Amino acid sequence: MIYVEDKNLVIPGQILADDDYYPGRGTFKENGKVCSSLIGLVSLRNKKIRVIPLKSKYVPKKGDVVIGKINDVRFSMWDVDINSPYSGILPAFEVFGRDKKELNKVYDVGDVLFLRVIDVDEVKKAKLGLKGRGLGKFKGGIIVDISPTKVPRLIGKKGSMINMIKNKTNCKIVVGQNGLVWVKGNEDMEQLTREIIHTIEAEAHTSGLTNKIKNKLCLAIDGELPVEETEEEFVLEKPKLQNFKEELEQEEREKAEAEKEMQAESEVEEEADTEDDSEIETEEEADAEEEVEAEASEEKDTEDKPNFYDVIEELKKKSQSRKDKNLSYSDKSNNNSFILNNR
């Protein structure tokens, strides 16, 4: 059983939940009950319960991105203030590699850098580096200091809060996980952004904070509140009754039109077939006429050609009329030929 809700403000010793929940940071377990060990806000994640302190100092952790200020320049490193009880160092080889250069000509006391925590030793001293996108020295702008525990609320879910502030003020904003925020833009917008960040820090535990910040930005910049987005009311219309009679009549009409089209196409095809048959008949008639003409021509040629025996008879008659005894003939009926001999 749980006795508090998410984001409730609790004090040290306050009972938060029974055995069903697991104690997290800022809590302890006693006699089967989870209790708070400090003043802070309740954070519930599944069955794990934590208490986030209202104010705390930053404890370095490997992989964090932080904003730091150069405190001192030594022989082979820079001492960096990272808004923590624990110190930070930036080794020279993380900047130059094996090259040897004068450190104060690159980064000097007072310079503000965006760095990454590379490692943390047993006494919580943080080793820093500059390898990564966007890391390096800041130029101009202002630094805003907030509690590190309020950084997630300033960023918002998937960056919603910080992106809203950037878009409205046109300022460049970089948030370090150690509670330092760099802001650069128009001077008036820088000061407005500082106020907005402190408002978020003070009211991080309240609900509806995003809309409140949005209204404050619009009043300060536009002079009026933003137009509220209203969703269109969805009206469920009564379904219309179907007229089946009209649908059936429509189907009959479409069916009749389809039959007419098919009949018309059939008539066109029959006409085309008739034309093809007539062409074929015409061609056959032409061929028959040609055959008749050929036969007639052959008969005519046969009639015009003289008969072989008639020629023989004619020659005999001529021979008798002339009484030419020296002209003789012979007829070989076997091969149908004649021989004229001159005796």
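Below you will find a few notes about this structure. Predicted, not measured: the structure shown is a model, and the values here were computed from it. (Residues numbered from 1 in each chain as written. Predicted model: local features only at pLDDT ≥ 70, side-chain atom pairs only at ≥ 80, totals over all residues. Heavy atoms only, no water.)

Let us look at the pattern of salt bridges. The full count for this structure, using the stated rule, is six salt bridges. Among the ionic pairs, Asp-18 bridges to Lys-33, the shortest N-O distance being 2.9 Å. Placement of Asp-18 in the loop between strand E2 (15-17) and strand E3 (22-23) and of Lys-33 in strand E5 (residues 33-36) is noted, with a sequence separation of 15 residues between them. The partner of Lys-212 in a salt bridge is Glu-203, and the shortest N-O contact between them spans 2.6 Å. (Salt bridge = Lys/Arg side-chain N within 4 Å of Asp/Glu carboxyl O. Helix = DSSP H or I, 4+ residues; strand = E, 2+ residues; numbered from the N terminus.)

This part covers the nonpolar core. Judged by nonpolar contacts, the single largest core of 22 residues is most densely connected at Leu-154, Ile-165, Ile-173, Val-181, Val-183, Ile-200 and Ile-213. Within the residue set of this core, elements represented by two or more residues are strand E14 (142-145), helix H2 (151-155), helix H3 (160-169), strand E15 (172-175), strand E16 (180-184), helix H4 (187-202) and helix H5 (209-221). The element contributing the most residues to this core is H4, with five residues. With sequence-adjacent residues up to four places away left out, Val-183 is seen in contact with Gly-141, Ile-142, Val-144, Cys-171, Lys-172, Ile-173, Glu-190, Thr-193 and Ile-197. (Core = buried A, V, L, I, M, F, W, Y, C linked by side-chain atoms within 4.5 Å. Buried < 20%, exposed > 50% of the residue type's maximum accessible area, 1.4 Å probe, protein only. Contact = heavy atoms within 4.5 Å.)

Glancing now at the packing of H3 against H4. For the pair H3 and H4, the least separation of the axes is 11 Å and the interaxial angle reads 160°. One element, H3, and the other, H4, form an angle in the roughly antiparallel class. You can see that H3 and H4 cross each other, and the crossing is right-handed. The residues of H4 that touch H3, namely those facing Met-161, Ile-165 and Thr-169, are Met-189, Leu-192, Thr-193, Ile-196 and Ile-200. Split into classes, the residues belonging to the contact of H3 with H4 amount to six nonpolar, two polar and no charged. (Axes fitted to C-alpha atoms, helices over the stretch in contact; angles between N-to-C directions. Parallel < 35°, antiparallel > 145°, perpendicular 65-115°, else oblique. Left-handed = near helix turned anticlockwise from the far one by under 90°. Nonpolar A, V, L, I, M, F, W, Y, C, P; charged D, E, K, R; others polar.)

Now for the packing of aromatic side chains. If you walk through the whole model with that rule in mind, you get three aromatic pairs. Their ring planes at 65° and their centres at 5.5 Å tell us that Trp-78 and Tyr-107 sit as a pair that is edge-to-face. With Trp-78 in strand E9 (residues 77-81) and Tyr-107 in the loop between helix H1 (93-96) and strand E11 (112-120), this residue pair connects regions lying 29 residues apart in the sequence. Note on Trp-78: relative accessible area 0%, which makes it buried. (Phe/Tyr/Trp six-rings, centres within 6.5 Å; stacked < 30°, edge-to-face > 60°.)

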